[in-house]
Amino acid sequence: MKNKKLKTLSLAAMFLALGLVLPFLTGQLQKIGNMLLPMHFPVMLCGLICGWKYGLLVGFIMPLLRFVLFGMPKLYPTAVAMAFELATYGLVVGLLYARSPWKCTKSILKALLISMASGRIVWGVVQMILLRIENNAFTFGAFIGGALLNAIPGILLQLLIIPAIMVALHKAKLVPLLKKHDRKHSAND
């Protein structure tokens, strides 16, 4: 039990470190970083692999710690809104996947899609609240542009790469994926 907790904590720390480093790959061009969403990948993987508690914590800490260490993203309102958005991704993807009766690519995709929608809604609400404090308007058009249109390449990459990583980790015997057939047979054994 203690070894499992230590392993999970180590994996969560690795995902946090990845989230701090990955934006450097796109950091020179902020528009590309906004489209590819490099911090989202490790948070979602953390939620799937380590569970919702770790996904939530890593997601919330990541943008704030990245601001403290590197000055990016800008703390207010960007990093604050991202903290709630990424925490929602880690929470929702971890909860949905853990509660799914089948650990397969279909359940991964379902959890990803719902967590992406939830996180973007939370981001929009937090942005609206933060910008209202400064008497700035956050329009529906700004929400659609920031949460969806600009993020389409990153969303598509997440839907392709995250399930592929999970399958690769399964083949390496690091993460169990069970199909309906496998679950039925393991229950009977």
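Structure: above.
About the thresholds
- Residues numbered from 1 in each chain as written.
- Predicted model: local features only at pLDDT ≥ 70, side-chain atom pairs only at ≥ 80, totals over all residues.
- Heavy atoms only, no water.
- Helix = DSSP H or I, 4+ residues; strand = E, 2+ residues; numbered from the N terminus.
- Buried < 20%, exposed > 50% of the residue type's maximum accessible area, 1.4 Å probe, protein only.
- Contact = heavy atoms within 4.5 Å.
- Areas by Shrake-Rupley, 256 points an atom, 1.4 Å probe, with all protein chains shown as cover.
- Expected span 1.5 Å × (residues − 1).
- Bend = angle between axes of the 7 residues up to and from the residue.
- Axes fitted to C-alpha atoms, helices over the stretch in contact; angles between N-to-C directions.
- Parallel < 35°, antiparallel > 145°, perpendicular 65-115°, else oblique.
- Left-handed = near helix turned anticlockwise from the far one by under 90°.
- Nonpolar A, V, L, I, M, F, W, Y, C, P; charged D, E, K, R; others polar.
- Phe/Tyr/Trp six-rings, centres within 6.5 Å; stacked < 30°, edge-to-face > 60°.
- Lys NZ or Arg CZ within 6 Å of the ring centre and 35° of its normal.

(A) A look at the overall build of the protein. Per the secondary structure count, the protein includes ten helices and zero strands. Traced from its N-terminal end to its C-terminal end, the protein shows the element sequence α-α-α-α-α-α-α-α-α-α. Burial analysis of the protein (189 residues in total) assigns 39% to the buried set. A fraction of 69% describes how many contacts in the protein between residues 6 or more apart in sequence connect residues 24 or more apart. Summed over all atoms, the accessible surface of the protein reaches about 11000 Å², with 71% contributed by carbon and sulfur.

(B) Geometry of helix α9 (residues 152–171). Spanning 20 residues, α9 covers 29 Å between terminal C-alpha atoms, matching the ideal 28 Å at 1.5 Å per step. The sharpest bend along α9 reaches about 25° and sits at Q158. Taken together, the buried positions of α9 are G154, I155, Q158, I162, P163 and M166.

(C) Spotlight on the packing of helix α1 (residues 2–21) against helix α5 (residues 52–70). Axis separation between α1 and α5 bottoms out at 9 Å; the angle between their running directions is 40°. As judged from the angle between their axes, α1 and α5 are oblique. Along this stretch, α1 crosses α5, giving a crossing that reads as right-handed. Two secondary-structure elements touch here, α1 through K5, T8, L9, A12, F15, L16, G19 and L20 and α5 through Y54, V58, I61, M62, L65, R66, L69 and F70. Within the contact of α1 with α5, the residues separate by chemical class into twelve nonpolar, two polar and two charged.

(D) Quick peek at the environment of T26. Assignment of secondary structure puts T26 in helix α2 (residues 23–26). With relative accessibility at 13%, the residue T26 sits in the buried group. T26 sits twelve residues away from P38 along the chain, and the two C-alpha atoms are 7.9 Å apart.

(E) Examining α5 more closely. Spanning 19 residues, α5 covers 27 Å between terminal C-alpha atoms, matching the ideal 27 Å at 1.5 Å per step. The axis of α5 is deflected most strongly, by about 30°, at M62, and proline P63 appears within four residues downstream. Burial in α5 covers these residues: G55, V58, G59, M62, P63 and R66. Looking at the buried side of α5, the elements it contacts are α1, α2, α4 (40–50) and α6 (75–99). G71 sits one or two positions beyond α5 and adopts a positive phi of about 75°.

(F) Focus on the packing of aromatic side chains. A full pass over the atoms with the stated rule returns two aromatic pairs. Here F60 and F84 contribute two aromatic rings whose centre-to-centre distance is 5.4 Å and whose plane-to-plane angle is 85°, an arrangement assigned as edge-to-face. Taken as a pair, F60 in helix α5 and F84 in helix α6 lie far apart in primary sequence, 24 residues in all. Residue F84 is classed as partly exposed on the basis of its relative accessible area, which comes to 37%. Lying across the ring of Y97, K103 places its NZ or CZ 5.3 Å from the centre.

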